[in-house]
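Now for the letters of each chain:
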Amino acid sequence: MSRQRIVAGNWKMNKTYEEGRALVKDIVGQLQPTETLVILCPPFLHLNSISGQIKDVRSLKLGAQNCHQEGSGAYTGEVSAAMLQSVGVEYVILGHSERREYFGETDELIAKKIDATLKEGLHPIYCCGEKLDVREAGGHLDLVAAQIKTALFHLSAADFEKVVIAYEPVWAIGTGKTATSQQAQEMHAHIRSLIASKYDQQVAGLTSILYGGSCNPSNAAELFSQADVDGGLIGGASLKAGDFVAIVNSF
Ligand code: PEP
């Protein structure tokens with residue numbers, strides 16, 4: 001069994017309801033049948049309607065951009081994993097650097113969110129990655145190892161197998177500055193070896209590790225050709241159907 005290739009689009013806080021529906025219509029129209037899993041992660045508001053739009057497209061899945069760590073209760077403005085599951089969501093992005101930076105999310109909190117999603121049968125897409133100063137000081141491998149240990153290594157092997165990892169160097173997100181394919185490969189191989197030491201080679205070999213950070217139709221093929229890069233988490237380029245589908249076709 002080989003690991004799943006994945007391209008996930010993180011729309012962030014973009015697209016009104018109608019714009020979102022139009023984007024999905026265009027993606028569905030342009031996407032050829034593919035073995036790559038294509039995950040759309042629109043804002044919460046759009047999930048239910050987009051779930052209906054993509055229900056007959058085998059390769060398209062629905063993802064959310066966050067969820068709360070508790071199952072239900074007095075948490076005004078929040079959305080639970082069970083609510084997401086109830087409208088057809090299968091994946092949840094957790095630990096995105098924007099959640100860490102603007103909403104103070106720590107790996108301890110993200111670990112609880114990971115548990116909440118797994119409890120509802122959802123797949124977390126766990127984002128990790130270093131800021132520029134850490135990379136320049138040569139601390140990137142250790143930092144990402146610490147992030148992964150704190151957020152994920154309390155999981156059983158059976159639960160860990162449901163997790164997707166996205167390596168997103170913070171200095172590459174939304175900046176137009178992409179990691180080189182060598183930088184991505186070095187980190188992805190490092191992450192896979194950490195997983196092998198904690199669990200085993202089989203679990204490590206089956207874990208999909210995505211690259212994220214200014215991935216676009218011109219650089220995706222080179223990044224995706226690396227042995228340990230199993231696809232991408234795409235921000236800006238996921239907002240245009242043509243670019244997003246071109247990235248999916250880059251394998
Ligand atoms: C992201 O936010 O996950 C991301 C990768 O953004 P961008 O592609 O715009 O750098």
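So, a few notes on the structure that sits alongside this text. All values derive from a computational prediction rather than experimental measurement.

## Considerations on the overall build of the protein
Next up, step 1: In terms of regular secondary structure, the protein is built from twelve helices and eight strands.
Next up, step 2: Taken over C-alpha atoms, the radius of gyration comes to 17 Å for the protein, in line with the 18 Å a tight globule of 251 residues would show.
Next up, step 3: In terms of principal-axis extent, the alpha carbons of the protein reach across some 45 × 45 × 35 Å.
Next up, step 4: Per-residue burial for the protein yields a buried fraction of 52% across its 251 residues.
Next up, step 5: Taking the contacts inside the protein whose residues are at least 6 apart along the sequence as the reference set, 70% of them involve residues at least 24 apart.
Next up, step 6: Computing the positive centroid from 22 side-chain charges and the negative centroid from 28, the protein places the two 3 Å apart.

## Concerning the site of the ligand
Next up, step 1: Taken together, the neighbourhood of the ligand is formed by 14 residues, with Lys 12, His 96, Glu 168, Gly 174 and Ser 214 sitting nearest.
Next up, step 2: His 96 places a polar side-chain atom, nitrogen or oxygen, 2.7 Å from an oxygen atom of the ligand.
Next up, step 3: With respect to the ligand, the side chain of Glu 168 contributes an N or O atom lying 2.7 Å from an oxygen atom.
Next up, step 4: For the ligand, whose unbound accessible area comes to 290 Å², protein coverage reaches 95%.
Next up, step 5: Taken together, the residues that form the shell around the ligand break down as four nonpolar, eight polar and two charged.

## Regarding the packing of helix 1 (residues 17–30) against helix 2 (residues 47–54)
Next up, step 1: Two numbers describe how helix 1 lies on helix 2: the axes approach to 10 Å, and their chain directions differ by 20 degrees. Accordingly, the angle class assigned to the pair helix 1 and helix 2 is roughly parallel. For the element pair helix 1 and helix 2, the recorded crossing hand is right-handed. Along its contact with helix 1, which presents Tyr 17, Arg 21, Val 24, Lys 25 and Val 28, the element helix 2 presents Ser 49, Ile 50, Gln 53 and Ile 54.

## Observations regarding the environment of Trp 171
Next up, step 1: Positionally, Trp 171 belongs in the loop between strand 6 (164–167) and helix 9 (181–198).
Next up, step 2: On a C-alpha basis, the gap between Trp 171 and Gly 213 in space is 7.9 Å, while along the polypeptide they are 42 residues apart.
Next up, step 3: Look past the residues within four positions of Trp 171 in its chain and what remains in contact with it is Glu 130, Lys 131, Leu 132, Arg 135, Lys 177, Thr 178, Ala 179 and Gln 183.

## Overview of helix 1
Next up, step 1: Taking 1.5 Å of rise per residue, the 14 residues of helix 1 would be expected to cover 20 Å, and the 20 Å separating its terminal C-alpha atoms lies within 8% of that figure.
Next up, step 2: Those residues of helix 1 not exposed but buried are Gly 20, Leu 23, Val 24 and Ile 27. Taken around the axis of helix 1, the buried residues stretch over an arc of 95 degrees, which confines them to a single face. Projecting away from the buried face of helix 1 at angles above 90 degrees are the exposed residues Glu 18, Lys 25 and Gly 29.

## Quick notes on the packing of aromatic side chains
Next up, step 1: Evaluation of the coordinates by the stated rule reveals five aromatic pairs.
Next up, step 2: Following the ring pairs from residue to residue traces out a cluster consisting of Phe 153, Phe 160 and Tyr 199.
Next up, step 3: The ring centre of Tyr 199 lies 5.9 Å from the NZ or CZ of Lys 198, which sits over that ring.

## With respect to unusual backbone geometry
Next up, step 1: Although it is not a glycine, Lys 15 sits at a positive phi angle of roughly 85 degrees.
Next up, step 2: Note that Lys 15 resides in the loop between strand 1 (6–10) and helix 1.
Next up, step 3: Located in the positive-phi region is Ser 214, a residue other than glycine, with phi close to 55 degrees.
Next up, step 4: Structurally, Ser 214 is set in the loop between strand 7 (209–212) and helix 11 (220–224).
Next up, step 5: Relative accessible area serves as the criterion here: at 19%, Ser 214 is assigned to the buried category.

## Considering the nonpolar core
A general feature of soluble globular proteins is that nonpolar side chains tend to end up buried together.
Next up, step 1: Of all hydrophobic cores here, the largest spans 64 residues; its most connected members are Leu 152, Ile 165 and Ile 191.
Next up, step 2: The element that contributes the greatest number of residues to this core is helix 9, accounting for six residues.
Next up, step 3: Excluding residues that lie within four positions of it along the chain, Ile 191 makes contacts with Cys 128, Val 144, Ile 148, Ile 165, Tyr 167 and Ile 209.
Next up, step 4: Listed in part, the 13 residues of the second largest apolar core include Ile 39, Cys 41, Ile 125 and Cys 127.

## Side note on the sheet that holds strand 6
Next up, step 1: Pairing is parallel in the closed barrel, where eight strands are placed in the order 1-2-3-4-5-6-7-8. For this sheet, the mean inter-axis angle between neighbouring strands, taken without regard to orientation, is 25 degrees.
Next up, step 2: Sheet strands touched by helix 12 (residues 241–248): strand 1, strand 2 (37–41) and strand 8 (231–234). Its angle to strand 1, the strand with the most contacts, is close to 155 degrees.

Calculation notes
- Residues numbered from 1 in each chain as written.
- Predicted model: local features only at pLDDT ≥ 70, side-chain atom pairs only at ≥ 80, totals over all residues.
- Heavy atoms only, no water.
- Helix = DSSP H or I, 4+ residues; strand = E, 2+ residues; numbered from the N terminus.
- Rg over C-alpha atoms; globule rule 2.2 N^0.38 Å.
- Buried < 20%, exposed > 50% of the residue type's maximum accessible area, 1.4 Å probe, protein only.
- Contact = heavy atoms within 4.5 Å.
- Lys, Arg positive; Asp, Glu negative; His and termini not counted.
- Charge placed at Lys NZ, Arg CZ, Asp CG, Glu CD.
- Near = heavy atom within 4 Å.
- Polar contact = N/O pair within 3.5 Å; in protein donor to acceptor, adjacent residues only side chain to side chain.
- Areas by Shrake-Rupley, 256 points an atom, 1.4 Å probe, with all protein chains shown as cover.
- Nonpolar A, V, L, I, M, F, W, Y, C, P; charged D, E, K, R; others polar.
- Axes fitted to C-alpha atoms, helices over the stretch in contact; angles between N-to-C directions.
- Parallel < 35°, antiparallel > 145°, perpendicular 65-115°, else oblique.
- Left-handed = near helix turned anticlockwise from the far one by under 90°.
- Expected span 1.5 Å × (residues − 1).
- Arc of directions from axis to C-beta.
- Phe/Tyr/Trp six-rings, centres within 6.5 Å; stacked < 30°, edge-to-face > 60°.
- Lys NZ or Arg CZ within 6 Å of the ring centre and 35° of its normal.
- Core = buried A, V, L, I, M, F, W, Y, C linked by side-chain atoms within 4.5 Å.
- Pairing = 2+ DSSP bridges.

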